[in-house]
Amino acid sequence: MENFLNEDKVNPDSLLQLFKNALMKAYLDEDSDIRVTTGLGSVFLIEVLSDQKMLKYVSMFGFKKHANATKKLTFLNQLNSGIILSRFSMPREDVLLSEYFLPYEEGISPYQVVNCLRLFERVTTGAIRQFDNDDLVE
């Protein structure tokens with residue numbers, strides 16, 4: 001594996017290969033985004049934002065039907081004020097979205113690409129466990 005990916009080599013195909021080399025279950029979806037399923041069964045999406053020279057890591061979780069809007073907004077505020085790495089939002093009333101952006105201008109190491117996914121997974125799932133005191137997330 002190369003020690004460094006030049007900026008022009010950062011694309012869905014090269015990143016897919018990085019995740020596969022790290023023995024992760026990964027494939028390209030119909031939008032050429034990389035979908036990675038971790039050992040814990042979580043699914044993450046990695047999108048190459050070539051205009052911004054950034055990688056966008058995304059995870060989505062469902063809210064339980066009993067979760068009311070006030071509790072969900074309080075939960076989102078706790079997540080966003082307590083967690084630095086990820087940004088949390090609610091694009092729909094039944095979806096919790098977590099995002100992280102990693103710049104790759106002038107290139108990036110394969111280790112950083114893969115390790116950031118692992119860190120993003122730990123932070124996101126850990127934050128949900130820590131702050132979901134009302135059992136809102138499925």
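To keep things clear, this report deals only with the structure shown in the data block. (Residues numbered from 1 in each chain as written. Predicted model: local features only at pLDDT ≥ 70, side-chain atom pairs only at ≥ 80, totals over all residues. Heavy atoms only, no water.)

1. Remarks on the sheet that holds strand S3 (residues 43-49)
Rule in force here: One requirement defines pairing of two strands: DSSP has to find at least two bridges between them. Each helix corresponds to a stretch of at least 4 residues labelled H or I by DSSP, and each strand to a stretch of at least 2 residues labelled E; elements are numbered beginning at the N terminus. In this analysis, axes come from line fits to C-alpha atoms, helices being fitted only over the stretch in contact, and the angle between any two N-to-C directions falls in the range 0 to 180 degrees. Note on contacts: a residue pair qualifies if any of its non-hydrogen atoms lie within 4.5 Å across the two residues.
If you walk across this open sheet you meet the six strands as S1-S2-S3-S4-S6-S5, and the pairing is antiparallel. Strands with a single pairing partner mark the edges of an open sheet, and in this sheet they are strand S1 (25-28) and strand S5 (87-92). Taking the axes of each pair of neighbouring strands and ignoring which way they run, one obtains an average angle of 25° across the sheet. Taken together, the four bridges between S5 and strand S6 (residues 95-103) define a ladder with antiparallel strand orientation. By the bridge assignment, Phe88 is partnered in S6 with Ser98. In the packing of helix H2 (residues 69-82) onto the sheet, contacts are made with S5 and S6, and the angle to S5 comes to roughly 155°. Contacts from helix H3 (residues 110-131) reach strand S2 (34-37), S3, strand S4 (54-62), S5 and S6 within the one sheet, and its direction differs from that of S4 by about 30°.

2. Topic: unusual backbone geometry
Trans is the common state for peptide bonds, and a negative phi is the common state for residues other than glycine. Convention followed: The classification of residues rests on relative accessible area computed with a 1.4 Å probe and restricted to protein chains. Under 20% of the type maximum is buried, over 50% is exposed, and intermediate values are partly exposed.
A positive phi angle, near 55°, is found at Lys53, a position not held by glycine. In this fold, Lys53 is placed in the loop between S3 and S4. The residue Glu106 is not glycine, and still its phi comes out positive at about 70°. Tracing the chain through its elements places Glu106 in the loop between S6 and H3. By relative accessible area, Glu106 is classed as exposed at 64%.

3. A few points about the nonpolar core
How we decide: In this description, a nonpolar core means a group of buried Ala, Val, Leu, Ile, Met, Phe, Trp, Tyr and Cys residues linked to one another through side-chain atoms lying within 4.5 Å.
Core analysis: the biggest nonpolar cluster contains 24 residues, and Leu15, Phe19, Leu55 and Tyr57 have the highest contact counts within it. Within the residue set of this core, elements represented by two or more residues are helix H1 (12-21), S2, S3, S4, S6 and H3. What Leu55 contacts, discounting residues up to four positions off in sequence, is Val10, Leu15, Glu47, Val48, Tyr100, Phe101, Leu102, Tyr104 and Val113. By size, the runner-up hydrophobic cluster in this structure holds 14 residues, among which are Leu79, Leu96, Ile128 and Phe131.

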